[in-house]
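Now for the letters of each chain:
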Number of protein chains: 2
Amino acid sequence: MANYTFGEIDNVKEGDSFSDRKALREAGIHLALVAGIDGNQSVGASSIVLNGGYVDDLDLGSEIIYTGQGGNDANTKRQVADQKWTLGNKALLVSEMSGLPVRLTRGFNHKSEFSPKSGYVYGGLYRVTDHFEEKGKDGYTICRFRLEKINSFENSLQIGKPAVPELFTTSERVATTVLRIIRDTKLSKRVKELYDYKCQVCGIQISVKGIKYAEGAHIKPLGNPHKGEDKLGNLLCLCPNHHVMFDKGVFTIHPSEYSLIGIGGELTFDHKKHVLDQENLKYHQEHIFINH
Amino acid sequence: MANYTFGEIDNVKEGDSFSDRKALREAGIHLALVAGIDGNQSVGASSIVLNGGYVDDLDLGSEIIYTGQGGNDANTKRQVADQKWTLGNKALLVSEMSGLPVRLTRGFNHKSEFSPKSGYVYGGLYRVTDHFEEKGKDGYTICRFRLEKINSFENSLQIGKPAVPELFTTSERVATTVLRIIRDTKLSKRVKELYDYKCQVCGIQISVKGIKYAEGAHIKPLGNPHKGEDKLGNLLCLCPNHHVMFDKGVFTIHPSEYSLIGIGGELTFDHKKHVLDQENLKYHQEHIFINH
């Protein structure tokens, strides 16, 4: 059984070129010679190779929408079955849930401005920040992931802080990984105030010296490829627990009855001041909520 | 009543110099002419000026340990009373809890390698990532804050993503702020496995397709100035809700009886495999837990 290494490989720099998959394997970057995802369901995915797999993959350099594996015919390359959240796809899910860095390599068949003309180029470390489902061009379900580049800012978090003055040198630096980044928008303040910072699912209100804390959760997510809007009808006021559960697809909200699906309980909401966007709820149910 | 602006000011760049506090005010950076903290308890702190306030302040450039206001004698500058979590200190707490950016300016009296020889220099945007208490040199309680620089990575999160290909240009970019960054360490995996990813406070276990999610919380925090260690005795397995509550000082754990203080319920823990460090619990109770 392969022993997977996570993070940077000694003597390999971003931008280094490799002639073929065998060379990538010998460098310790990506062990599998054919599969695009290295790793397993137990430890997570340590590396992926992008080499022209799916036409609707998106590569913006620092942000990548990546399609998982499975369901395609080896000869025609067409999708002939649904992809499943197993094997390499599950390995990428494990990486997402545990904040593990994934090495990324682009091959000559990958279509993007960052791809090499021949061979393979190592592209650095990425975090898996999101997973969701879509219907592919052939009508079958595909498992997709959003990958975001770990840049120098996050690297600085990972290797600990730089030089500290004498006053504070009593302890070792501690290597850390970024597990999640919670973002907030202007509109989220409004939805939090509407519910007095109480979670719409469980009612908890977190308060520190009278200052309340809650999180605004977007139903149809912001950013690629969802492109959800920052508007009140696309926002919920949730506690950190229900925010992570909603974003990761543990539960969803029925688009017209507003009942909770996937967990018990009832959604609290102000029917007059807070009209939930039904299209966005439908989007969340179809793409983010995963119950198979 | 002053109208506070948050974030960057038009026509002001990091590194710009100003002759005096009046010039800072006219530029719109910092409105108060004497107070070090601009803002109020309702909207948060929009700006701070560092100018030789407290001897044990720490300035590493991208990371600053800042002492709040109050309790010192105007003439002798010595601490004569405890600082309180009110006024400017509360404003900084609001900024922390809502992820608001704080403008930072260094004055000629501030002792650091980043300080100007005369006048004031605008130092850019910072996030308040932490608050805690200490006994100052004069024996009174001081309110302290950790500020971390918002760099280009975080800025890129705030202004939305750069150029997107035609496929995904249907929606506007949305400005976002970073509310929290959840970090993980190597050791935290061990404490999570020890409790099967169940929160030691409430017992909840969050799971997405069989992949469990919990957070490792350090009792004595990592990083400056606490310098807590990444060891099992300094870690708890918590759900996101109890993690934020523990880090922000809503509750603590009795150093020898291990009872919960500040909230109801009981701490679950494995007395044989998980020996909690009593010194660290004491540190958390004295510095992080705030009940006055």
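An account of the accompanying structure is given in this report. (Residues numbered from 1 in each chain as written. Chains lettered and ligands numbered in written order. Predicted model: local features only at pLDDT ≥ 70, side-chain atom pairs only at ≥ 80, totals over all residues. Heavy atoms only, no water.)

**Details of the overall build of chain A**
Now for step 1: Counting its secondary structure elements, chain A contains six helices and 15 strands.
Now for step 2: Against the 2.2 N^0.38 benchmark of 19 Å for 292 residues, chain A shows a C-alpha radius of gyration of 21 Å, consistent with a compact globule.
Now for step 3: Its C-alpha atoms put chain A at 65 × 60 × 35 Å along the principal axes.
Now for step 4: A buried classification covers 57% of the 292 residues belonging to chain A.
Now for step 5: For chain A, long-range pairs separated by at least 24 residues make up 60% of all intrachain contacts whose partners lie at least 6 apart in sequence.
Now for step 6: Between the mean site of the 36 positive side-chain charges and the mean site of the 36 negative ones, chain A shows a separation of 2 Å. (Helix = DSSP H or I, 4+ residues; strand = E, 2+ residues; numbered from the N terminus. Rg over C-alpha atoms; globule rule 2.2 N^0.38 Å. Buried < 20%, exposed > 50% of the residue type's maximum accessible area, 1.4 Å probe, protein only. Contact = heavy atoms within 4.5 Å. Lys, Arg positive; Asp, Glu negative; His and termini not counted. Charge placed at Lys NZ, Arg CZ, Asp CG, Glu CD.)

**Examining the interface of chain A and chain B**
Now for step 1: In this complex, chain A contributes 61 residues to the contact, which on the side of chain B involves 60 residues.
Now for step 2: Overall, the association of chain A and chain B removes approximately 5600 Å² of surface from exposure, summing both partners, and the carbon and sulfur fraction of that is 69%.
Now for step 3: There are zero salt bridges connecting chain A and chain B.
Now for step 4: At the boundary of chain A and chain B, one finds seven residue pairs in polar contact (both at pLDDT 80 or more). (Buried area = accessible area lost by both parts, 1.4 Å probe. Salt bridge = Lys/Arg side-chain N within 4 Å of Asp/Glu carboxyl O. Polar contact = N/O pair within 3.5 Å; in protein donor to acceptor, adjacent residues only side chain to side chain.)

**Focus: the layout of surface pockets**
Residue and element names in this part refer to chain B.
Now for step 1: Within this model, the largest pocket holds a volume of roughly 1200 Å³.
Now for step 2: Surrounding the largest pocket, 42 residues form its lining, N51, G52, G53, Y54 and N72 being those nearest its centre.
Now for step 3: Broken down by secondary-structure element, the contributors of at least two residues to the lining of the largest pocket are β3 (44-50), β4 (58-59) and β5 (63-67).
Now for step 4: Residue classes in the lining of the largest pocket are distributed as 17 nonpolar, 14 polar and eleven charged. (1 Å grid on protein atoms, 1.4 Å probe; cavity = no way out; pocket = protein on both sides within 12 Å on 5 of 7 lines; lining within 4 Å. Points joined across faces, edges and corners; volume = space filled by probe spheres on them. Nonpolar A, V, L, I, M, F, W, Y, C, P; charged D, E, K, R; others polar.)

**Details of the relation of the copies chain A and chain B**
Now for step 1: Rotating chain A by 180° about the axis while translating it 0.0 Å along that axis superimposes it on chain B, leaving an RMSD of 0.0 Å. As the rotation angle and translation indicate, the two copies are arranged about a two-fold axis. If distances are taken from each C-alpha of chain A to the rotation axis, the shortest is found for I181 of chain A, at 2.3 Å. (Least-squares fit on C-alpha atoms with pLDDT ≥ 70 in both.)

**Observations regarding the packing of helix α5 (residues 240-247) of chain A against helix α5 (residues 240-247) of chain B**
Now for step 1: Remark: α5 of chain A packs on α5 of chain B, axes separated minimally by 6 Å, with the N-to-C direction vectors making an angle of 140°. The angle between α5 of chain A and α5 of chain B falls in the class oblique. Residues P240, N241 and V244 of chain A of α5 of chain A pack against P240, N241 and V244 of chain B of α5 of chain B.
Now for step 2: When grouped by side-chain class, the residues that make up the contact of α5 of chain A with α5 of chain B number four nonpolar, two polar and no charged. (Axes fitted to C-alpha atoms, helices over the stretch in contact; angles between N-to-C directions. Parallel < 35°, antiparallel > 145°, perpendicular 65-115°, else oblique.)

**Examining the pattern of salt bridges**
Now for step 1: Scanning the entire structure with this criterion turns up 32 salt bridges over all chains.
Now for step 2: Measuring nitrogen to oxygen at the nearest pair gives 2.7 Å for the salt bridge that ties D59 of chain A to R106 of chain A. Note that D59 of chain A is positioned in strand β4 (residues 58-59) and R106 of chain A in strand β6 (residues 101-107), a separation of 47 residues in sequence. Comparing D59 of chain A with R106 of chain A, the two get one shared label, buried.
Now for step 3: Between R144 of chain B and E134 of chain B there is a salt bridge whose closest N-O contact spans 2.5 Å. Linking R144 of chain B in strand β8 (residues 141-149) with E134 of chain B in strand β7 (residues 120-135), this pair joins segments that are ten residues apart in sequence.
Now for step 4: Overall, R144 of chain B belongs to the buried group, its relative accessible area being 3%.
Now for step 5: Taken together, the salt bridges that share partners define one network made up of E63, D130 and R146 of chain A.

**Some details on unusual backbone geometry**
All names here are of chain A.
Now for step 1: Omega for the peptide link from N224 to P225 comes to -10°, which places this bond in the cis form.
Now for step 2: Relative to the assigned elements, P225 resides in the loop between β12 (215-218) and β13 (235-238).
Now for step 3: With a phi angle near 50°, L87 is a residue other than glycine that sits in the positive phi range.
Now for step 4: Considering the arrangement of structural elements, one finds L87 in helix α2 (residues 87-98).
Now for step 5: According to the relative accessible area criterion, L87 is exposed, its value standing at 55%.
Now for step 6: Not every positive phi belongs to a glycine, and K227 is a case in point at roughly 60°.
Now for step 7: With respect to the helices and strands, the residue K227 is situated in the loop between β12 and β13.
Now for step 8: With relative accessibility at 12%, the residue K227 sits in the buried group.

**Comments concerning the environment of K212 of chain B**
All names here are of chain B.
Now for step 1: Relative to the elements of secondary structure, K212 occurs in strand β11 (residues 211-213).
Now for step 2: Each C-alpha atom, one on K212 and one on K192, is 9.3 Å from the other, the two residues being 20 residues apart in sequence.
Now for step 3: Not counting the four nearest positions on each side in its chain, K212 is found in contact with D196, Y197, Q205, I206 and S207.

**Section: the packing of aromatic side chains**
All names here are of chain A.
Now for step 1: Across all of its chains, the model carries eight aromatic pairs over all chains by this definition.
Now for step 2: Ring geometry for F246 and F251: centres 5.4 Å apart, planes at 50°, overall tilted. Like F246, the residue F251 is buried in the burial classification.
Now for step 3: Directly above the ring of Y283 sits K220, whose terminal nitrogen or CZ lies 4.8 Å from the centroid. (Phe/Tyr/Trp six-rings, centres within 6.5 Å; stacked < 30°, edge-to-face > 60°. Lys NZ or Arg CZ within 6 Å of the ring centre and 35° of its normal.)

**Points about the pairing of β8 of chain B**
All names here are of chain B.
Now for step 1: Counting buried residues in β8 gives eight out of nine residues, a clear majority hidden from the surface.
Now for step 2: As paired elements, β5 and β8 share five bridges and run antiparallel to each other. By the bridge assignment, T67 is partnered in β8 with R144.
Now for step 3: Across nine bridges, the pairing between β7 and β8 is antiparallel. (Pairing = 2+ DSSP bridges.)

**A word on helix α4 (residues 186-194) of chain B**
Now for step 1: For α4 of chain B, the complete set of buried residues consists of L187, S188, V191 and K192 of chain B. Buried residues of α4 of chain B, seen end-on, are gathered within an arc of 145° and therefore sit on one face of the element. Pointing more than 90 degrees away from the buried face of α4 of chain B are the exposed residues K186 and R190 of chain B.
Now for step 2: Tucked inside the fold, the buried residues of α4 of chain B contact β9 (176-185) of chain A together with β9 (176-185), β12 (215-218) and β13 (235-238) of chain B. (Arc of directions from axis to C-beta.)

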